[in-house]
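Chain by chain, the residues run as shown.
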Amino acid sequence: MNVDKAKKRIAKQVSKGFKGYPLVSIEYFGETPELATQVVIQFIAEEGAEPQEQKFNAQSDVRNDETIQTVLLKIIERADAGSVIEIAGVSKL
């Protein structure tokens, strides 16, 4: 899948806001705000449940990595997420 298409589909899910559980949260990490080398995606099945977490790393910017963005989208779709939250910006590693 094209990286832009995957990013648009993720952004569409994020723009819907909180619609209940299951909840998927995406947060990008890096040494600088311009370069995100890690992304963490969390899945929470229901309120109060322990989050399941998966990390993806890359040498380049994970926000522009076609494979990683496609995998994030597939996780969201397969989880049948009611809500998708994306933490703005790049958090410091």
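As a reminder, the structure under discussion sits directly above these lines.
Being a predicted model, the structure only gives us computed values, none of them experimental.

Draft legend 1. Structural view of the packing of aromatic side chains. In total, this model carries 1 aromatic pair according to the counting rule given. Measuring from ring centre to ring centre gives 5.6 Å for phenylalanine 18 and tyrosine 21, while their planes differ by 80°; the resulting arrangement is edge-to-face. A residue is classified by how much of its surface remains accessible, and tyrosine 21, at 36% relative accessible area, is partly exposed.

Draft legend 2. Looking closely at unusual backbone geometry. Geometrically, the link from tyrosine 21 to proline 22 is a cis peptide bond, its omega value of 0° lying close to zero. Here proline 22 shows up in the loop between helix H1 (3–15) and strand E1 (23–30). Positive phi outside glycine occurs at aspartate 80, with the angle close to 50°. Examined against the element boundaries, aspartate 80 turns out to sit in the loop between helix H2 (66–79) and strand E4 (83–92).

Draft legend 3. View of the environment of lysine 55. By the element assignment, lysine 55 lies in strand E3 (residues 52–57). Residues lysine 55 and lysine 19, 36 residues apart in the sequence, show an inter-C-alpha distance of 24 Å. When residues no more than four places from it in sequence are discounted, the contact partners of lysine 55 are Gln38, Val39 and Val40.

Scoring rules and cut-offs
Residues numbered from 1 in each chain as written. Predicted model: local features only at pLDDT ≥ 70, side-chain atom pairs only at ≥ 80, totals over all residues. Heavy atoms only, no water. Phe/Tyr/Trp six-rings, centres within 6.5 Å; stacked < 30°, edge-to-face > 60°. Buried < 20%, exposed > 50% of the residue type's maximum accessible area, 1.4 Å probe, protein only. Helix = DSSP H or I, 4+ residues; strand = E, 2+ residues; numbered from the N terminus. Contact = heavy atoms within 4.5 Å.

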